[in-house]
Amino acid sequence: MSRPPLPPLLLVLAALTAGEARAADPVTIYRCVGRDGTVTLSDAKCPPGQRQEVREMLRPQDPPPVPASPAAPASPARPAAPPAPAQVVIYRTPPRPMYLCTSDDGRTYTSDNGDGNPRLVPLWSLGYPGGGWGPPGHHRPGGPVVVGNTWVRDACHQLPQAEVCDRLRDRRYEIQRQYHSALQSERHALDKEQRGLDARLDNDCGAG
């Protein structure tokens, strides 16, 4: 399907814009009216027998180029966030227990465990009835002979933590009191014991 021809005015304008010319040059347009009333526009004079009108026009020109919008200023870079402070985590070991134990003869002592000084003793020392041999040099006449040994332990119970801390502080004070009168060889042992006490007080009691 063929396209319809352009109107005469558009043909004239298209012809005028073709080629190179200065933007402000004037252009002469001839308006021709035929005997049948047909109107045509042209850049050439009308043919003989047609009524002619002459008009001066400015040559059409392209609009000036739109200036490019200035680039938006770059936003200032945000300062980097400061590094998070290092976290120091201190792990404390559970407090070490302390036990108060009582021996067979009524003597008391402290221990880090509740074993109660386990030891192997002969059965006759526990007062089992019957004859046989008793303590060395003593013979029990009659009855079956009681032989063998058994394990015994001292009775122990765990001290409250507050009392443990008090006993540790008392022992450290005692070491400091003994230190000035101790021999050089004894001071090494006292120094070692006090370092252990200080570490245990710091961990188990929270302060010296």
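Look up a bit, the structure's there.
Residues numbered from 1 in each chain as written. Predicted model: local features only at pLDDT ≥ 70, side-chain atom pairs only at ≥ 80, totals over all residues. Heavy atoms only, no water.

**Focus: the overall build of the protein chain**
We count it as follows: Numbering of helices and strands runs from the N terminus; a helix is a DSSP stretch of H or I covering at least four residues, while a strand is a stretch of E covering at least two. Accessibility here uses a 1.4 Å probe with only protein chains present; expressed as a share of the type maximum, an area under 20% marks a residue as buried, one over 50% as exposed, and anything in between as partly exposed. By the convention used here, residues are in contact when the closest approach between their heavy atoms is within 4.5 Å. To measure how exposed things are, a 1.4 Å probe is used in the Shrake-Rupley method; for residues, cover is taken only from the protein chains shown.
Looking only at helices and strands, one finds three helices and 10 strands in the protein chain. In the protein chain, the succession of α and β elements from N to C terminus is α-β-β-β-β-β-β-β-β-β-β-α-α. With 208 residues in all, the protein chain has 19% of them scored as buried. Look at the contacts in the protein chain between residues 6 or more apart in sequence, and 53% of them connect residues 24 or more apart. When the accessible surface of the protein chain is totalled, it reaches about 16,300 Å², and 58% of it is carbon and sulfur.

**Focus: helix α3 (residues 184–205)**
Owing to its 3.6 residues per turn, the α-helix brings residues three or four apart onto one side. For clarity, the threshold we go by: The span one expects for a helix is its residue count, reduced by one, times 1.5 Å.
Helix length check: α3 (22 residues) gives 30 Å between terminal C-alpha atoms against 32 Å at 1.5 Å per residue, within 8%. Among all positions in α3, only L190, Q194, L197, R200, L201, N203, D204 and C205 are buried. Looking at the buried positions of α3, the neighbouring elements they touch are α2 (161–179).

**Some thoughts on the pattern of salt bridges**
What counts, and what does not: Here, a salt bridge means any side-chain nitrogen of Lys or Arg that lies within 4 Å of a carboxyl oxygen of Asp or Glu.
Summed over the entire model, instances satisfying the criterion amount to 12 salt bridges. For the salt bridge of R171 with E193, the shortest nitrogen-to-oxygen distance reads 2.8 Å. Of this pair, R171 sits in helix α2 while E193 sits in helix α3, placing them 22 residues apart in sequence. Salt-bridge contacts for R172 lead to D198; the nearest nitrogen and oxygen are separated by 3.3 Å. Taken together, the positions of R172 in helix α2 and D198 in helix α3 put the pair 26 residues apart, joining distant regions of the chain. Among the charged side chains, a network of salt bridges with common partners joins R96, D112, R200 and D204.

**Description of the state of the cysteines**
What counts, and what does not: Working definition: a disulfide is two cysteine sulfur atoms within 2.5 Å of each other.
For the coordinates displayed, the defined rule picks out three disulfides. One disulfide in the model links C32 with C46; its S-S distance is 1.7 Å. Note on the C32 and C46 pair: the S-S dihedral is about -95°, so by sign convention the disulfide is left-handed. Note that C32 is positioned in strand β1 (residues 26–33) and C46 in the loop between β2 (39–42) and β3 (51–58), a separation of 14 residues in sequence. Judged on exposure class, the residue C32 and its partner C46 are both buried. Residue C101 pairs covalently with C156 via a disulfide, S to S 2.0 Å. Measuring the twist about the S-S bond at about 115°, one finds the C101-C156 disulfide to be right-handed. Placement of C101 in strand β4 (residues 99–102) and of C156 in strand β10 (residues 155–158) is noted, with a sequence separation of 55 residues between them. Overall, the relative accessible area of 26% leaves C156 in the partly exposed class. In the protein chain, the bonded cysteines, taken in the order they occur along the sequence, pair up as 1-2, 3-4, 5-6.

Take it as geometry only, folks, not as evidence of what the structure does.
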